[in-house]
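Remarks on the overall topology
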Amino acid sequence: MLPPLAVVAAIAAGWALVDPGGTSLAAAALVAAAGSAGLAVIDRHRLASDVAVSTRERDELASVVEAVFANGPVGMAVIDLCEDQRGRFLVVNPQLADFLGRTVAECETLRCVDVTPSDDDTADLAEELLAVAERSGRTRVAVERPLVRADGTTVWGLLSGMVMTDRHGRPDTLVLQVQDIDRRRRLQRDLHRHTAFIEAVVTDVEVGLIACDASGEVTLFNPAAYTQFSGCTDTRQMPQTWPRELWPRHADGSRFRVEELPLQRALAGEVLVNEEFALVRRDGDLRTHLTSARRMLAEDGTVMGAVVTVNDITERKRNEEAMALMARTDHLTGLPNRRLLNARLSEALHRPNPHASRVALLFLDLDRFKLINDSRGHEVGDRLLQRIAARLLDGLRPGDTVARMGGDEFVVLCDGVLGELEALAIADRIRHDVSQPLLVDDDEVVITCSIGVVVAEDGAHPDDLVRRADLAMYAAKDAGRAAVSMYRDGLSTAVSRRFHLERRLRTALRDDELVVQYQPIVDAVAGDTVAVEALVRWQRDHQLLLPAEFIDVAEDSGLIVDIDRLVLSTACRTAAGIDDQLTVNVNLSSRQLADRDLVSLVIGMLDTSGLPPERLCLELTERALISAGAGVDAALQVLRQQGVRVALDDFGTGYASLTYLRRFAVDVVKIDHSFVRGMLTSRDDHAIVAATIDLAHELGLSTVAEGVETREQERVLTDMGCDRLQGFWYSRAVHSADLPRHPVA
């Protein structure tokens, strides 16, 4: 076997050892060691020519070999390749021992397998280098692989080796040189990880990225950039080079000049930060891009190129515009909302008005709209509002604005009216237009509106104008609805009183200030009390307020529904505890009649109180029946089938009394007190009362005359054949405690 140090020295110098035995090889090894150390101490040509080397020269070069092996810059070792000792470290220098985290003595007890990672599926390093040499046919080979240190950690080394053979040509020794490349491998791994990360980001990010070199030639672009500029979402069609025709045009269709392109601007030293571009794509689609760009500089400051980021914000811009539109318009009708109206009103008030023209505001509220909502459903109500909005738009003068304030309230801004007369004329025309029949879901709907009008004075504030027009609108409602009212000073006091009354009424419902009294209804012949009518009263500040003082406010505010339910519930409980022959009559408003749950409400209260259905009579006015809609017919039929009786109240005061007698299945006709009061002095009233009684009997209905206050009225009505009588002649309304009750057992 060749002396290990000589072999190591030869390998270190890169010499080819052609004679496995003899002086020439030894001399070559020594010269190699000298060359590795950078020493020129002997004539290489003479040694290589097989000239004998003196003992002194060999000794000197041996010292050099030992010095190189011990102090060289890389780890070195000689590994045995003989079958019985294959892979054993014969000689190890301190640099390799330090690299492996061991001492030289420890290393020379190891085999290659001891420094091979356990999870490495390749052979140990000696076998691997030998296999590489055999495959390549070369004796000098190199591989990169991890080695195991004493503490179990791994380090990467560049393993260079030469396979030495014996005189028979068999592998004898492996001369190994190990360079520490662990830091380089880790840097490469980090670089690969960062490169993979950047590649993934560039490929998958939704922001377009385009880079160019110093000449402006595009060198890199990602799929997002291609999609944003081409409109093609199939990135499989993306070309390898940037097509010049992908550069978009201006929104007006003109081409970008080269110096206008963000990449060129960046190369010129400009920094773009979120600059917005409106442009036309190659497919003709108008897009909005948010663009940033800057140039890239080398370490010495020279321009390497530029990079631009492009974010297509078209959809975001459209959404922002839609949101801005929604913030200014009513979502149901598409009309301007309160915010946009205030802006336009403020603008109109501050605009110089030529020819002494002025600004007028018309506040419009639909009359009894909630009744339509309750009786026909909110969908029908919404479509009605849309039809009303369209009708208002059709009737606008050029330059005027109609806005929806919410619910069933609209405001018309009239800019440039000459005065109150013109404003009133516009309002009256609108009132007339709104009142015309509308077709909603193949059903004809007639609705009216009340309009308040105010004409702005100099220095008027928008909020004050809206408030005054609102007050004038309430004054129009107080005037009987379907009316127009002009704002006047002092009007706010009356309307404020109405607002205050509504708030007090809400409190009264909460605090149980509403009480129920009962007025007897007597048999016209026998004179016995056969029924009572439940009537609501408001116990307020030690006074008893009658319905006439608050019922209109209750209807307009919707509180009438709560009042109806309170009276019905109280009357059923009270009647269940009094004489079991008495019937209790309860009035229902149009809003309560329009409730789709009317049947379940009435039946539920009867069940809860224990009152038999036959002892309940629901009193309905003609106006309530007209307003309630078609759905009330079926509800009344169901209630009558359960035993509940139905009375048509205030008969004769409506315009279609006979029609409703025929249309609705009723049991009782109540003659209005105005006819009873006038029948003794008016032949017409006398004839109407007599005809009503006869007609009711012909239809199989019973009759009740209201407002009987004298004995003579009682006598005349009895002679006419009226079945029952009611009025102050018999009793005013009394508390339930004054009604006859079951005897206490």
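Just so you know, these numbers come straight off a predicted model, no measurement behind them. (Residues numbered from 1 in each chain as written. Predicted model: local features only at pLDDT ≥ 70, side-chain atom pairs only at ≥ 80, totals over all residues. Heavy atoms only, no water.)

Here's the deal with the overall build of the chain
- Check the secondary structure of the chain and you find 27 helices and 27 strands.
- Across the 745 residues in the chain, those meeting the buried criterion constitute 45%.
- The contacts of the chain with a sequence gap of at least 6 include a subset with a gap of at least 24, amounting to 59%. (Helix = DSSP H or I, 4+ residues; strand = E, 2+ residues; numbered from the N terminus. Buried < 20%, exposed > 50% of the residue type's maximum accessible area, 1.4 Å probe, protein only. Contact = heavy atoms within 4.5 Å.)

Some points on the packing of aromatic side chains
- Evaluation of the coordinates by the stated rule reveals six aromatic pairs.
- Relative to Trp-247, the ring of Trp-242 has its centre 5.3 Å away and its plane inclined at 50°; by these criteria the two rings are tilted.
- Relative accessible area serves as the criterion here: at 9%, Trp-242 is assigned to the buried category.
- In this structure Trp-247 comes out as partly exposed when scored by relative accessible area, which is 22%.
- Measuring from ring centre to ring centre gives 5.6 Å for Trp-538 and Phe-550, while their planes differ by 90°; the resulting arrangement is edge-to-face. Residue Trp-538 is located in strand S20 (residues 529-540), and its partner Phe-550 is located in the loop between strand S21 (543-545) and helix H18 (551-557); the two are separated by 12 residues in the primary sequence.
- Residue Trp-538 is classed as buried on the basis of its relative accessible area, which comes to 0%.
- Among the residues examined, Phe-550 registers a relative accessible area of 1% and is labelled buried.
- Aromatic ring contacts, followed pair by pair, group Phe-221, Phe-229, Trp-242 and Trp-247 into a single cluster.
- Its guanidinium or amino end placed over the ring of Trp-538, Arg-540 lies 5.2 Å from that ring's centre, counting from NZ or CZ.
- Positioned above the aromatic ring of Phe-728 is the side chain of Arg-732, whose terminal nitrogen or guanidinium carbon lies 4.0 Å from the ring centre. (Phe/Tyr/Trp six-rings, centres within 6.5 Å; stacked < 30°, edge-to-face > 60°. Lys NZ or Arg CZ within 6 Å of the ring centre and 35° of its normal.)

Points about the sheet that holds strand S17 (residues 449-455)
- Taking strand neighbours across the sheet as the criterion, the five strands line up as S13-S14-S12-S17-S18 in an open arrangement whose pairing is mixed. Two strands close off the open sheet at either side, each with one partner strand: strand S13 (401-406) and strand S18 (484-486). Ignoring which end each strand starts from, the neighbouring axes of this sheet average 20° apart.
- As judged from the seven bridges shared by strand S12 (residues 358-366) and S17, these two strands associate in the antiparallel manner. (Pairing = 2+ DSSP bridges. Axes fitted to C-alpha atoms, helices over the stretch in contact; angles between N-to-C directions.)

Re the pairing of strand S3 (residues 140-148)
- Where S3 and strand S4 (residues 154-165) come together, nine bridges link them in antiparallel fashion. Bridge assignment links Val-141 to a residue of S4, and that residue is Gly-161.
- Following S3, the chain reverses through five residues before pairing antiparallel with S4; Gly-152 in that reversal takes a positive phi of roughly 90°.

Structural notes on unusual backbone geometry
- In this model, Arg-368 sits at a positive phi of 55°, which is unusual for a non-glycine residue.
- Examined against the element boundaries, Arg-368 turns out to sit in the loop between S12 and helix H13 (369-376).

Things to note about the sheet that holds strand S7 (residues 218-221)
- Within the open sheet, the six strands sit side by side as S7-S6-S11-S10-S9-S8. Their pairing is antiparallel. Strands at the two margins of the open sheet, each flanked by one partner only, are S7 and strand S8 (249-250).
- Two elements, strand S6 (residues 208-213) and S7, share three bridges in a ladder whose sense is antiparallel. Note that in S7 the partner of Cys-212 across the bridge is Val-218.
- Where helix H9 (residues 223-230) meets the sheet, its contacts fall on S6, S7, strand S10 (286-297) and strand S11 (303-312), and the angle it forms with S6 comes to roughly 100°.

Describing the packing of helix H26 (residues 683-698) against helix H27 (residues 711-720)
- Across the interface, H26 lies against H27 with an axial gap of 10 Å and an inter-helix angle of 40°. Considered as vectors, H26 and H27 are oriented oblique to each other. Crossing of H26 over H27 shows right-handed handedness. Across from His-686, Val-689, Ala-690 and Ile-693 in H26, the residues of H27 making contact are Val-716, Leu-717 and Met-720.
- For the contact of H26 with H27, the residue count by class is six nonpolar, one polar and no charged. (Parallel < 35°, antiparallel > 145°, perpendicular 65-115°, else oblique. Left-handed = near helix turned anticlockwise from the far one by under 90°. Nonpolar A, V, L, I, M, F, W, Y, C, P; charged D, E, K, R; others polar.)

A word on helix H19 (residues 559-576)
- Compared with the 26 Å implied by 1.5 Å per residue over 18 residues, the 26 Å span of H19 between its first and last C-alpha is a close match.
- The set of residues buried in H19 consists of Leu-559, Ile-560, Val-561, Ile-563, Asp-564, Val-567, Leu-568, Thr-570, Ala-571, Cys-572, Thr-574 and Ala-575. (Expected span 1.5 Å × (residues − 1).)

What to know about the pattern of salt bridges
- Overall, the coordinates contain 39 salt bridges when judged by the stated rule.
- Among the ionic pairs, Lys-670 bridges to Glu-533, the shortest N-O distance being 3.2 Å. Of this pair, Lys-670 sits in strand S25 (residues 668-671) while Glu-533 sits in strand S20, and the two are 137 residues apart along the sequence. A single burial state applies to Lys-670 and to Glu-533, both of which are buried. (Salt bridge = Lys/Arg side-chain N within 4 Å of Asp/Glu carboxyl O.)

A short note on the packing of H13 against helix H14 (residues 378-394)
- Direction vectors running N to C along H13 and H14 enclose 140°, while the axes themselves pass 6 Å from each other. Judged on the interaxial angle alone, H14 and H13 are oblique. Counting all contacts with H13, which are made through Phe-369, Ile-372, Asn-373 and Arg-376, the residues of H14 involved are His-378, Val-380, Gly-381, Leu-384 and Leu-385.
- For the contact of H13 with H14, the per-class residue count stands at five nonpolar, three polar and one charged.

So, the nonpolar core
- Counting 53 residues, the largest nonpolar core has Val-584, Leu-616 and Leu-618 as its most contacted members.
- No other element matches H19, which puts nine residues into this core.
- Beyond its immediate chain neighbours, meaning those up to four positions away, Val-584 contacts Tyr-518, Val-532, Ala-534, Ala-571, Ala-575, Leu-611, Arg-615, Leu-616 and Cys-617.
- Core analysis: the next-biggest nonpolar cluster, separate from the first, contains 33 residues, Leu-362, Phe-369, Ile-372 and Leu-384 among them. (Core = buried A, V, L, I, M, F, W, Y, C linked by side-chain atoms within 4.5 Å.)

Re the environment of Arg-596
- Inspection of the secondary structure assignment puts Arg-596 in the loop between helix H20 (590-594) and helix H21 (598-609).
- Linking Arg-596 and Gly-377, residues 219 residues apart in sequence, is a C-alpha distance of 9.0 Å.
- Residue contacts for Arg-596: discarding those within four places in its chain leaves Asp-374, Ser-375, Arg-376 and Gly-377.

A short note on the side chain of Asp-182
- Within the element layout of this structure, Asp-182 appears in helix H8 (residues 182-204).
- According to the relative accessible area criterion, Asp-182 is buried, its value standing at 12%.
- A polar contact of 2.6 Å, which involves the side chain of Asp-182, links it to the side chain of Arg-186.
- In this structure Asp-182 touches Thr-154, Val-155 and Trp-156, once residues within four positions along its chain are discounted. (Polar contact = N/O pair within 3.5 Å; in protein donor to acceptor, adjacent residues only side chain to side chain.)

Looking at the confidence of the model for the chain
- This prediction gives the chain a mean pLDDT of 83; 86% of its residues lie at or above 70.
- Taken element by element, the chain is modelled with least confidence in helix H3 (residues 44-48), mean pLDDT 37, and with most confidence in strand S27 (residues 724-725), mean pLDDT 96.
- For residues 5-51, every residue scores under 50 in pLDDT, and the model assigns this stretch 76 contacts once sequence neighbours within four places are set aside.
- Low confidence marks residues 741-745, where pLDDT is under 50. Its contacts with residues over four positions away, or in another chain, come to nine contacts. (pLDDT = per-residue confidence, 0-100.)

Quick look at the environment of Pro-117
- Structurally, Pro-117 can be placed in the loop between helix H6 (104-107) and helix H7 (125-136).
- Using a relative accessible area of 8% as the deciding quantity, one classes Pro-117 as buried.
- Along the sequence, Pro-117 and Thr-154 sit 37 residues apart, while their C-alpha atoms lie 7.5 Å from each other.
- Pro-117 has contacts with Arg-145, Pro-146, Val-148 and Thr-154, leaving out every residue within four places of it along the chain.

Re the side chain of Ser-230
- Relative to the helices and strands, Ser-230 resides in helix H9.
- For Ser-230, a relative accessible area of 7% gives the class buried.
- Polar side-chain contacts of Ser-230 include one of 2.6 Å to the backbone oxygen of Tyr-226.

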